[in-house]
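Analysis of the macromolecular model
Okay, here's what each chain looks like letter by letter:
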Amino acid sequence: MTDFLLELLSEEIPARMQAKARADLERLFVAQMEEAGLNAGEITVYSTPRRLALIAKNLPQQTEAVSEESKGPPDGAPDQAVDGFCRKNGVTRDQLEVRDVKGRPTYFAVINRPGRDTKDVLAAAIPAIIRAFPWPKSMRWGDASLSTESLRWVRPLSGIVALFGEDLVECEIDGLTSGTETVGHRFHHQGSITIGSAADYADKLRAAHVLVDHEERQDIVRAGAAKAAAEGGLELVEDEGLVIENAGLTEWPVPLLGGFDPAFLDVPEEVIQLTARVNQKYFICRDKSGKLAPNFVCTANIEATDGGQAIVAGNEKVLAARLSDAKFFWELDQKTPLEDHAKKLGNIVFHEKLGTVADKVERVAKLAEWLVSLEGNGFDQSSPGDALHREVTEAARLCKADLVTEMVGEFPDLQGLMGGYYAEKQGKSEAVANAIRDHYKPVGQGDEVPTDPVTVAVSLADKLDTLVGFFVIKERPTGSKDPFALRRAALGIIELVLANSLRLDLDYVTAKASNLILRTIEKMSGSQSDSWISEHLGEELFRAVPDFFVDRLKVQQKGAGVRHDIIDAIVSSGQRDDIVLILARVKALQAFVETEDGTNLLAGYKRASNILKKESAPGADPESRAEGAADALGSASSAEHVALSYTPEPAEQALIDALDAAQPQVGTAIGKEAFTDAMSALAALRAPIDRFFDDVTVNDEDQEKRAARLALLARFRDAVHQVADFSKIEG
Amino acid sequence: MGFQQIILKLHEYWSDRGCVILQPYDMEMGAGTFHTATTLRALGPDPWNAAFAQPCRRPTDGRYGENPNRLQHYYQYQVVLKPSPPDIQQLYLDSLTAIGIDPMLHDIRFVEDDWESPTLGAWGLGWEVWCDGMEVTQFTYFQQMGGFDCKPVAGELTYGLERLAMYIQGVDSVYDLDFNGNGVTYGEIFLDNEKQMSEWNFEVADTETLFDLFNKAASECENCLEAKLPIPAYEQAIKASHVFNLLQARGVISVQERASYMGRVRDLAKGSCEAYMAKNGWAA
């Protein structure tokens, strides 16, 4: 058994691509080995900015010999068929064997494939791996690039080391031949290094100031940065993303502590951190009291001759220049009140069909005011002039103003946050500043969900406007495509609604939001949008938006163990426009169907439902199910009063009595949103329905009895449907 | 080392390595890449090695001489090597040593930075080169120019001369740079220029004249293209591009219009590249 080493030397590979490149190298290598019938063995992959390496341990010297048999036509088949079979298998006619297959003599081709030298397999595999390598972006270079067919790599590929044991695996790709030599650190080592085998690869490189194992470099960056901070009496703010990135930018990482003028600490901490992190890839530090310290840790790629003094001085200068830009922006932005910044939003197009950001802000403000003025939706109802109303209006009108500030222009990630800071500095109330800062929240599942009413109103209005707006102009998510992040907007709305127990009628809200949007569209087109409304809106929108929410609700609730079929059962029963109510009913129903009573009642329901379907009872036609249900309800209610022409069997009477008792109870409980009580009332039907099926023949010869019993079953089904459409429940 | 000594050293270094040393292009442009020695010479199969300093004009970057590192007029040192030689990175690093940057004392790094110029219909892959965390050079392997595949690929090095000089001289303001190595400062030469040009770019330039100039340059470019004269056509495209930048600085181009103006400049530049290919009989 022999070890194999492959090193692909290249000009600097972007740090962010290295992890996937390692995985791709391993995957492609394993696929090549498997195709050749070799067990790829134990594989290790490494990366540095300048190289990708793979070591495969314990490969056999040869692939195993394989004997393959292929069954052909029977003896006596036409020559054409036999010749074709020979061609296909690469044998001549006299090499065929004749064997007995179920009494028929039949031709067989036996193909013996001798074992191949693993070295040959590897020599063929290397160019194939290189050509198939899926870099996110690749390029051509050098003399060969005279043709556009020339080899592509992430940056110029400059060398291949391929050793099987101690033997060179000879291969060539686009003029580049494999060898045993590689290079060490760009500055710490001159000339080439000869690698003897996989066993000495890492050590030879280490001696040339290259730590080929990315994990070792990550450990050094992580521990070294913490140590550098500690030596300055500080605590490093850990950042695993930066650890990986710095390890991907260095072959010999050396963390160094630097500082900046404490005067820059006036600038918000997030800005300093972002400047240091994004632009310079520096770690930041805190002092013992947890306050941001005027220090940073950078990661150099050399052990400088002066111990790193010049490097630290240089990096300090760069960060100072960047922070002074940030400070300049911070101070400049504050010279203009947010109200004036907001005026410039008219120059930014939100979407060509939905107007400018100023148009959007106007809609958000109106929608937010409307949301808090509705009765009974969970907000402390407000009216124009009171504090909540005033703060909601102000926050909504200013919530996007920071988009035109210099700071957000430089760091788009700081949107919201900067607006919040500027509002605070401008003396806005805490509620307004918080709402401006947090109105983008929640951003995705797991993010903090606002609960401050002003923030909630603005956040909801912003997301509703986006969602309904893009639904109106038919820019909706399809498959994996969701360019306007509408799924995230819907999820945000659901989380806001649930966390704050807001009782919104989605139909009503959609109507309000779409009206505001239509006004923008009218303003832009300068014409009435009546025809536009009929063409684009109407029923379809009011189905599509709630459906979309229900869909998102299923995804959002999956983690909490809420069943999608239970959600369908509730929604299908007509409860579709109040998320809080949907979920309350869903939870009660799910708890119920998972009890013994629930399971049995569901079984009884299915049985009743099947009989009704078979007997073409009202509602048998699935197309007119809703209508059928209504009919059944009519006949059921009459069944209460119409005296039967025969004496019902005891089990039949018991079911009638149970329904008489349960139906009003269920209705009352649902009306009071006491869903658990509704389930208890329903549970009382379980024993009677079981008994009814045990004791009573529905399909009686007496047509009158039969009709009455079918009507009774329909009534039972309708009683259940008061709670949910049980036909949607699985199991 | 004075500012001019850095340029002279680079001239000498790249001259020794077979480059044609050119003088700056005599037109306003936003980057050295606009020089015909880069843009047009990046097209076609012929080898080409050139180096030159190019003044760059970015009207919106003007700060009335008040910002220590932002100017509306500054210098790039540009090297074009086509096809890109296999040792191009080492050649570049040695040029840094030649101007006094010791790679055992400073941390020099190649950090991913892909380049794209929508105006030129061009893109390439490469890095920004960091020296102790500061970007000192843009290093690009041109893949496409004017919408055409580069066959072969050229390597382009663009040194930020003022930044490098500030680094080498250890000064914090560009205006404090020693220009001639003998006490004449960058500020003495350019501060007044920055103040006046900033004022003109932002406040004074007559926008009607500028719109007129833009349209005239654009139509003259088309005139040249009809006459199958790609080089004059390209010059008019550069002119239109610069006038567009001035209009931007005057703040008279709305966000919505911006894309359409840029598209127009791109069409002119691409048209010139296309004509240049055709004139030389090169297939795409």
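Note that the coordinates shown come from a computational prediction; the quantities given were computed from them, not determined experimentally. (Residues numbered from 1 in each chain as written. Chains lettered and ligands numbered in written order. Predicted model: local features only at pLDDT ≥ 70, side-chain atom pairs only at ≥ 80, totals over all residues.)

Moving on: the overall build of chain A. Looking only at helices and strands, chain A has 27 helices and 18 strands in total. Over its C-alpha atoms, taken along the principal directions, chain A stretches across nearly 105 × 100 × 55 Å. Looking at chain A as a whole, 43% of its 731 residues qualify as buried. When contacts within chain A are restricted to residue pairs at least 6 apart in sequence, long-range pairs at least 24 apart make up 67% of them. (Helix = DSSP H or I, 4+ residues; strand = E, 2+ residues; numbered from the N terminus. Buried ≥ 20, exposed ≤ 12 C-beta atoms within 10 Å, placed from the backbone. Contact = placed C-beta atoms within 7 Å.)

The next subject is the overall build of chain B. For chain B, the count of helices and strands is 7 helices and 9 strands. Taken against the 2.2 N^0.38 rule, which gives 19 Å for 284 residues, the C-alpha radius of gyration of chain B at 19 Å falls within 12% of a compact globule. Projected onto its principal axes, the C-alpha positions of chain B cover 55 × 45 × 30 Å. Residues counted as buried form 48% of the 284 residues belonging to chain B. (Rg over C-alpha atoms; globule rule 2.2 N^0.38 Å.)

Right, let's get into the confidence of the model for chain A. The predicted model of chain A averages 89 in pLDDT, with 94% of residues at 70 or higher. The model gives residues 617-639 of chain A a pLDDT under 50, and that stretch makes 33 contacts with residues more than four places away or in other chains. (pLDDT = per-residue confidence, 0-100.)

Cis peptide bonds are those with omega within 30 degrees of zero, and the linkage from A:Lys441 to A:Pro442 qualifies with -5°. Tracing the chain through its elements places A:Pro442 in the loop between helix H14 (430-438) and helix H15 (453-472). Cis geometry marks the peptide bond from B:Lys82 to B:Pro83; its omega dihedral reads -5°. The topology assignment puts B:Pro83 in the loop between strand S3 (73-82) and helix H2 (88-98). The backbone phi angle of B:Tyr64 is positive, close to 55°, even though this residue is not glycine. Relative to the assigned elements, B:Tyr64 resides in the loop between strand S2 (48-57) and S3. Under the C-beta neighbour-count criterion, B:Tyr64 is labelled partly exposed, with 15 such atoms within 10 Å. Phi at B:Asp132 takes a positive value of approximately 50°, unusual for a residue other than glycine. If you trace the backbone, B:Asp132 turns up in the loop between strand S6 (122-131) and strand S7 (134-145). Note on B:Asp132: 26 C-beta atoms within 10 Å, which makes it buried.

Attention now moves to the sheet that holds strand S15 (residues 283-286) of chain A. Residues and elements named next belong to chain A. The antiparallel open sheet is built from 4 strands, whose spatial order is S13-S15-S16-S14. The two strands at the open ends of the sheet, each matched to only one other strand, are strand S13 (235-236) and strand S14 (254-259). Summarising the sheet, S13 and S15 pair through 2 bridges and their orientation is antiparallel. By the bridge assignment, Glu-235 is partnered in S15 with Arg-286. (Pairing = 2+ DSSP bridges.)

A separate point is the interface of chain B and chain A. In this complex, chain B contributes 31 residues to the contact, which on the side of chain A involves 35 residues. Looking at the side of chain B that touches chain A, the elements with two or more residues in it are strand S4 (108-112), S6, S7 and helix H7 (255-279) of chain B. Sort the elements by how many residues they give to the side of chain B that touches chain A and S4(B) lands first, with 4 residues. Partitioned by chemical class, the residues of the side of chain B that touches chain A number 16 nonpolar, 8 polar and 7 charged. (Nonpolar A, V, L, I, M, F, W, Y, C, P; charged D, E, K, R; others polar.)

Glancing now at the packing of helix H1 (residues 18-35) of chain A against helix H3 (residues 118-132) of chain A. Angle between the axes and distance between the axes are the two parameters that describe a pair of packed helices. Residue and element names in this part refer to chain A. Across the interface, H1 lies against H3 with an axial gap of 10 Å and an inter-helix angle of 140°. In terms of orientation, H1 lies oblique with respect to H3. As H1 packs across H3, the resulting crossing turns out to be right-handed. Counted together, Leu-28, Phe-29 and Gln-32 of H1 and Ala-125, Ala-128, Ile-129 and Ala-132 of H3 form the full contact between these two elements. Here the residues of the contact of H1 with H3 are counted per class, giving 6 nonpolar, 1 polar and no charged. (Axes fitted to C-alpha atoms, helices over the stretch in contact; angles between N-to-C directions. Parallel < 35°, antiparallel > 145°, perpendicular 65-115°, else oblique. Left-handed = near helix turned anticlockwise from the far one by under 90°.)

So, about the packing of helix H5 (residues 207-226) of chain B against helix H6 (residues 230-249) of chain B. All names here are of chain B. Put simply, H5 and H6 touch, their axes get as near as 8 Å, and they point 160° apart. Taken as axis vectors, H5 and H6 run roughly antiparallel relative to one another. Of the two possible hands of crossing, H5 and H6 adopt the one that is left-handed. Across the interface between the two elements, Thr-207, Leu-210, Leu-213, Phe-214, Ala-217, Ala-218, Glu-220, Cys-221, Cys-224 and Leu-225 of H5 pack against Pro-232, Ala-233, Gln-236, Ala-237, Lys-239, Ala-240, Val-243, Phe-244, Leu-246 and Leu-247 of H6. For the contact of H5 with H6, the residue count by class is 16 nonpolar, 2 polar and 2 charged.

All names here are of chain A. We note that the domain assignment places domain 1 (2-62 + 117-207), domain 2 (66-113), domain 3 (214-335), domain 4 (349-561) and domain 5 (582-728) within chain A. Computed from C-alpha coordinates alone, the two centres of domain 1 and domain 3 are separated by 34 Å. Taken residue by residue, the interface counts 10 residues in domain 1 and 8 residues in domain 3. Per element, the largest residue contribution to the side of domain 1 that touches domain 3 is 3 residues, and it comes from strand S2 (residues 42-48). (Domains from an automatic or database assignment.)

This paragraph deals with the domain arrangement of chain B. Residues and elements named next belong to chain B. The domain architecture assigned to chain B consists of domain 1 (3-201) and domain 2 (206-279). Distance from the C-alpha centre of domain 1 to the C-alpha centre of domain 2: 24 Å. Taken together, the contact between domain 1 and domain 2 spans 22 residues of the former and 20 residues of the latter. When the residues that make up the side of domain 1 that touches domain 2 are grouped by side-chain class, the tally is 10 nonpolar, 9 polar and 3 charged.

Let us look at H1(A). Given 3.6 residues per turn, any residue in an α-helix points the same way as the ones three and four places further on. All names here are of chain A. An ideal rise of 1.5 Å per residue puts 26 Å on 18 residues; H1 measures up with 26 Å between its terminal C-alpha atoms. Looking at the packing, one finds that the buried side of H1 touches S2, strand S3 (51-59), H3, helix H5 (214-231) and helix H6 (240-248). Just beyond H1, the residue with positive phi is Gly-37, at close to 80°. (Expected span 1.5 Å × (residues − 1).)

Residues and elements named next belong to chain B. Following the sequence through the fold, Arg-63 ends up in the loop between S2 and S3. For the pair Arg-63 and Phe-202, spaced 139 residues apart in sequence, the C-alpha separation works out to 9.8 Å. Those residues in contact with Arg-63 that lie beyond four places of it in its chain are Arg-70 and Ser-198.

Residues and elements named next belong to chain A. Where strand S4 (residues 66-74) lies against strand S6 (residues 104-113), 7 bridges are found, and the strand directions are antiparallel. The partner of Ser-67 across the bridge, within S6, is Asn-112. Here strand S5 (residues 97-101) runs beside S6; their pairing, made up of 5 bridges, is antiparallel. The residue bridging Arg-99 from the neighbouring strand is Thr-106, located in S6. Between S5 and S6, which pair antiparallel in sequence order, lie 2 residues; one of them, Lys-102, sits at a positive phi of approximately 50°.

With that settled, consider the sheet that holds S6(A). All names here are of chain A. In space, the 3 strands of this open sheet follow the order S4-S6-S5, with antiparallel pairing throughout. Two strands lie at the open edges of the sheet, namely S4 and S5, each paired on one side alone. Across the sheet, the mean angle from the axis of one strand to that of its neighbour is 40°, orientation sign disregarded. Along the sheet face, helix H2 (residues 79-89) touches S4 and S6 and points at about 165° away from the line of S4.

Okay, the nonpolar core next. Residues and elements named next belong to chain A. Core analysis: the largest hydrophobic core is formed by 275 residues, its most contacted members being Val-297, Ala-368, Ala-457, Val-458 and Leu-589. Broken down by element, this core gets its largest block of residues, 12 residues, from H15. In contact with Val-297, not counting residues within four places along its chain, are Ala-225, Ala-228, Ala-229, Leu-236, Pro-255, Leu-256, Leu-257, Tyr-282, Phe-283 and Cys-285. (Core = buried A, V, L, I, M, F, W, Y, C linked by C-beta atoms within 7 Å.)

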